[in-house]
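Chain and residue survey
This is what each chain is made of:
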Amino acid sequence: MALPGGLLTRGEEPVPLKSISVTLSIREFVAGVSATLNYENEEEVPLETFFVFPMDEDSAVYSFEAEIDGKKIKAELKDKRKAHSIYESALSNRRQAFLLEEDRYSRDVFCCNVGNLHPGSKVALTLKYVQELPLEADGTLRYVLPAVLNPRYCRPGSSEDSCLNMKTPVVPLEELPYTFNMIATISSQHGIERIQSNCPFSPMEYLGDDKTSAQVSLTEGHKFDRDVELLIYYSEKHTPSVAVEMGQAKDNPGDGLMKDPSAMVCFYPNIPEVESPVICGEFVFLMDRSGSMHCPISKQDKSQLRIEAAKETLILLLKSLPIGCYFNVYGFGTSYEAFFPNSVKYTQQTMEEALRRVQLMRADLGGTEILTPLQIIYGEPSIPGHPLQLFIFTDGEVTDTFSVINEVRRNRTKHRCFSFGIGEGASTSLIKGIARVAGGTSEFITGKARMQSKALSALKRALQPAVEDISVSWDLPRGLSAKMLSPEQTVLYRGQRLIIYALLSGTMPPADATGEVCLKYMLQGKSFENRVTFFLQPKPDDNFTIHRLAAKSFLQTKDMGFRDTPAKDKKDVLKVSIDCGVISSQTAFIAVNKSLNKPVQGPLARRDVPRPILLGAASMIPRFHRGGLDRSPAPDHTLRKQCMSFKDASSEIERAHSSTNRMNLETHPTVFGDNHLVQLISLQNADGSWYPDENLAGILGRSLEDLLAAIPVKDANSSSWATVLAMVWLHSNAKQMKCEWELLEKKARTWIRIHAASIMQELVKAAIAFTKSSVDPAIFAL
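A few points on the structure. (Residues numbered from 1 in each chain as written. Predicted model: local features only at pLDDT ≥ 70, side-chain atom pairs only at ≥ 80, totals over all residues. Heavy atoms only, no water.)

The next subject is the layout of surface pockets. Roughly 1,100 Å³ of internal volume is contained in the second largest pocket. Taken together, 39 residues line the second largest pocket, and the ones lying closest to its centre are Arg27, Glu28, Ala243, Met264 and Ile546. Secondary structure elements with two or more residues in the lining of the second largest pocket: strand 1 (17–27), strand 2 (30–40), strand 9 (122–132), strand 17 (241–245), strand 30 (526–535) and helix 8 (545–558). Across the lining of the second largest pocket, the residue classes break down as 18 nonpolar, 15 polar and six charged. (1 Å grid on protein atoms, 1.4 Å probe; cavity = no way out; pocket = protein on both sides within 12 Å on 5 of 7 lines; lining within 4 Å. Points joined across faces, edges and corners; volume = space filled by probe spheres on them. Helix = DSSP H or I, 4+ residues; strand = E, 2+ residues; numbered from the N terminus. Nonpolar A, V, L, I, M, F, W, Y, C, P; charged D, E, K, R; others polar.)

Laid out in structure tokens, this is it:
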């Protein structure tokens, strides 16, 4: 029997989703996105289709509409239970219906249902959202369109009703049935210098002579093997600003969020770099050791394995910790392991033991079960005078992210949490959520980004003296007041942007009237403030971008998932979500085509849209191809089910990687290879010094005898000489990676200041000559 053409689902039926088109508009640091999903039913029976896809958790989805045979049907945002009831009723009455919802357990996963798509019909579903763009350390704006949704680990008995547990077909990347295109327009009053991407894009085209707007488009053939990332460089540095947007007073007579004008305030506080007089703290590093950590960070050539990057990062972190602090390292998967029973004082002995354990680390602990080790860490008694600083590294493949976020939130008063998402498809809901509720920062490591540099930047923030007494005040004309919508700011870091939302209530003054907003804070007993003056006249925006971003900011603080949001907060979440038209875990978009003259005829067949699978797992799952199911056995694996849920796929992947790693444990010992930087850093002592030994001499390319014979000052401490040599090597050979070693080099300077300050100048000159370096001696001034 001849099979139909085109890619087929697990039941050998054509896939109804044909293409995805995205239009992106970025203005300053806000992105507006319109994504259209084009469906076509090529079968002879009506269909119900399901498409599960990722979204950035900061996305404020505010519109969903269907276009069928030239007619547009705009969806309504309703209570999720009611939306489901309407959808099921429409299907049972053989009416066309469309449902869009956020997953019950994670903000970054959505499901789109198309019900009763009759034979031969085409439908275009368009969803729209707005989003703040994060600011990188160098001032670059980063936009990411998630395209990768990896299998996620599901704890037994939890989140069974998550859309991630649908029996969704998974296919090799090259056999995806739908195409993807994207066009982006960027505009800024500061001028656009350049745009970079991890994907092939057309050359940037300026849309005017002043270079304030530009356009790029994704080239054909994107394979969903990576998230689409844009890095936007503006010609001038960002400056504080206030934007005021007109409300819906005429169309909204109630007291909702949309009635009054809204303001978005953006500060870039110039917090001075100061040293804390006393360095203390308990530093706990929680490292993912699930099977998926054995995969490369990205699909790019020579991308480092996640677990190897994690090990290098731990070495850098351990070497950069201050003397006198406490620390511990946990590895987690299905089970967890700790380096020490409790956090230990940072000494030469405990550091060496930790380094030994780091070198033995493997990605061999099974699935991604992060909740249990978190509960263990929070259950440990606090160390007086040493506040807890928690660093979490994970590829974020957890189904029930809200349970993890809530656990971190319950313990927010006792610690700060810095989180790192590793690789393509890491859950933005998990990584951003745990950092937000615990006063830390979040980072994502993809493409060519280095986990090491991002982790060390976070450690620098953790070591900063605390910014205290943060407050925001408004100076407005009589009769006008500001109601803050953003949560109270309790943490502020150097180099961090601060965005605040407020409603302006009362009588708006004349067009030329101005207002002022002031940010104040204390740092080591000194008072600082940033002021911005702005015009009060609100500007219209058909999309109500600022109002919806403000609503999203509110929802992120109150909405803890469909199941776990407290009853009082659930009422507020539901009201704000529906008033502002921004989806939440408690709401869903629903549309029913009531224009059909007669019900859809025939039995309803279910079709699930396939998702691509990454992480080297394609050989482990059923393969779909043009012409039907490939029934040839997958290499090195026994017969498997023809279709598996995301949870099933995750379990298979974790087990396979764990098995492989156990077999290779003895045959592939951890080495640092030719990475002389990591070799050098691994030799540093806990107090910041280096010993003169064969290993150090080898990195410098000399013999130990030559090294000792070159000590320039008689009776000088040989460790002082070795330490200066190591510092010179760092500046000569790893200058471009300074952000990764500057903290440990600062420890070395402190040690030199105590033990060899009087001969430092002589040691530096001799070290530069010995290593044949061209480093300027002035940079070593104490």
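Structure's up, so let's keep going.
The eight strands lie next to each other as 5-4-9-2-1-12-15-14, forming an open sheet whose pairing is mixed. In the strand order of this sheet, the two ends are held by strand 5 (71–74) and strand 14 (205–206), each with one partner. Relative to strand 5, strand 4 (residues 60–68) runs antiparallel, the two sharing four bridges. Looking at the pairing, glutamate 65 lines up with lysine 74 of strand 5. Across the sheet, helix 8 is in contact with strand 2, strand 4 and strand 9; its angle to strand 9 comes to roughly 75°. (Pairing = 2+ DSSP bridges. Contact = heavy atoms within 4.5 Å. Axes fitted to C-alpha atoms, helices over the stretch in contact; angles between N-to-C directions.)

Glancing now at the nonpolar core. Ranked by internal contacts, the top residues of the largest apolar core, which has 84 residues, are Phe283, Phe285, Leu318, Leu321, Phe391, Phe393 and Leu459. By residue number, the principal contributor to this core is helix 14 (residues 718–733), which donates nine residues. Leave out the neighbours within four places in its chain, and leucine 459 touches Phe283, Leu317, Ser320, Leu321, Phe391 and Leu743. Leu17, Val22, Val123 and Tyr178 belong to the second largest nonpolar core, which has 81 residues in total. (Core = buried A, V, L, I, M, F, W, Y, C linked by side-chain atoms within 4.5 Å. Buried < 20%, exposed > 50% of the residue type's maximum accessible area, 1.4 Å probe, protein only.)

What follows is about helix 1 (residues 80–92). Side chains that are three or four residues apart share a direction in an α-helix, a result of its 3.6 residues per turn. In this model helix 1 runs 18 Å from its N-terminal to its C-terminal C-alpha over 13 residues, within 8% of the 18 Å that 1.5 Å per residue would give. Looking at helix 1, one finds that the buried residues are Lys80, Ala83, Tyr87, Ala90 and Leu91. For helix 1, the arc enclosing every buried residue in end-on projection is 100°, short of the 170-degree limit, so these residues lie on one face. Away from the buried face of helix 1 by more than 90 degrees, exposed residues Arg81 and Ser92 are located. (Expected span 1.5 Å × (residues − 1). Arc of directions from axis to C-beta.)

Enumeration according to the criterion identifies 15 aromatic pairs in this entry. Plain terms: the ring middles of phenylalanine 51 and tyrosine 178 are 5.8 Å apart, the flat faces sit at 70° to each other, and that makes the pair edge-to-face. Placement of phenylalanine 51 in strand 3 (residues 47–54) and of tyrosine 178 in the loop between strand 11 (170–171) and strand 12 (179–187) is noted, with a sequence separation of 127 residues between them. The pair phenylalanine 51 / tyrosine 178 is uniform in exposure class, with both members buried. Ring centres 5.6 Å apart and planes at 85° place the aromatic pair phenylalanine 327 and phenylalanine 340 in the edge-to-face group. Residue phenylalanine 327 is found in strand 20 (residues 326–332), and its partner phenylalanine 340 is found in the loop between strand 21 (336–338) and strand 22 (344–345); the two are separated by 13 residues along the sequence. Across the pair, exposure class does not vary: phenylalanine 327 and phenylalanine 340 are buried alike. Ring pairing ties together the aromatic residues Phe285, Phe391, Phe393, Phe418, Phe420 and Tyr493, which thus form one cluster. (Phe/Tyr/Trp six-rings, centres within 6.5 Å; stacked < 30°, edge-to-face > 60°.)

Turning next to the sheet that holds strand 27 (residues 480–484). In spatial order, the strands read 17-18-28-27; together these four strands make up an open sheet with antiparallel pairing. Each edge of the sheet is formed by a strand with only one pairing partner; in this case those strands are strand 17 and strand 27. Strand-to-strand twist in this sheet, taken as the mean axis angle between neighbours without regard to direction, amounts to 30°. Bridge count between strand 18 (residues 262–267) and strand 28 (residues 498–506): six bridges; the pairing is antiparallel. Within the sheet, the bridge partner assigned to serine 262 lies in strand 28 and is leucine 503.

So, on to the side chain of aspartate 288. For aspartate 288, the position within the fold is in strand 19 (residues 282–288). Of the side chains bearing the opposite charge, arginine 306 lies closest to the buried aspartate 288, which forms no salt bridge; the N-O distance is 7.1 Å. In this structure the side chain of aspartate 288 is engaged in a polar contact, spanning 2.7 Å, whose partner is the side chain of serine 290. Of the polar contacts made by the side chain of aspartate 288, one reaches the backbone nitrogen of aspartate 395; its length is 3.3 Å. Apart from the residues within four sequence positions on either side, aspartate 288 is in contact with Met293, Ile307, Phe332, Thr368, Phe393, Thr394 and Asp395. (Lys, Arg positive; Asp, Glu negative; His and termini not counted. Salt bridge = Lys/Arg side-chain N within 4 Å of Asp/Glu carboxyl O. Polar contact = N/O pair within 3.5 Å; in protein donor to acceptor, adjacent residues only side chain to side chain.)

This brings us to the side chain of serine 262. For serine 262, the location among the structural elements is in strand 18. Residue serine 262 is classed as buried on the basis of its relative accessible area, which comes to 1%. Of the polar contacts made by the side chain of serine 262, one reaches the side chain of histidine 547; its length is 3.0 Å. Other than its neighbours up to four places away in sequence, serine 262 contacts Ala243, Val244, Glu245, Ala502, Leu503, Ile546 and His547.

On to empty space enclosed by the protein. Summed over all chains, the structure comprises two cavities of 30 Å³ or more. Roughly 240 Å³ of volume is contained in the largest cavity. Looking at the largest cavity, it is lined by 18 residues, and the ones nearest its centre are Ile20, Phe53, Pro54, Leu145 and Pro146. Those elements giving two or more residues to the lining of the largest cavity turn out to be strand 1, strand 2, strand 3 and strand 9.

Turning our eyes to something else, we now look at the environment of valine 713. If you trace the backbone, valine 713 turns up in the loop between helix 13 (704–709) and helix 14. Judged by relative accessible area, which is 16%, valine 713 ranks as buried. In the structure, valine 713 is positioned 49 residues away from glutamate 762 in sequence and 7.7 Å away in space, judged by C-alpha atoms. Contact partners of valine 713, with chain neighbours within four places excluded, come to Ile759 and Glu762.

With that out of the way, let us pick up the pairing of strand 25 (residues 442–445). Both strand 24 (residues 415–422) and strand 25 contribute to a ladder of four bridges, which runs parallel. The residue bridging glycine 421 from the neighbouring strand is phenylalanine 444, located in strand 25. Of the crossover connections in this fold, the one passing from strand 24 over helix 6 (residues 428–437) to the parallel strand 25 is right-handed. (Right-handed = clockwise from strand over helix to strand, strands pointing away.)

Our next topic: the packing of helix 14 against helix 16 (residues 760–771). Between helix 14 and helix 16, the least distance of the axes is 9 Å, while the angle of their chain directions is 55°. The orientation of helix 14 with respect to helix 16, classified from their angle, is oblique. Seen along the crossing, helix 14 lies across helix 16 with a hand that is right-handed. The segment helix 14 lies against helix 16, with Ser720, Trp721, Val724, Leu725, Met727 and Val728 engaging Met760, Leu763, Val764, Ala766, Ala767, Ile768, Phe770 and Thr771. (Parallel < 35°, antiparallel > 145°, perpendicular 65-115°, else oblique. Left-handed = near helix turned anticlockwise from the far one by under 90°.)

Honestly, that's just the spatial picture; any functional story needs more than this.
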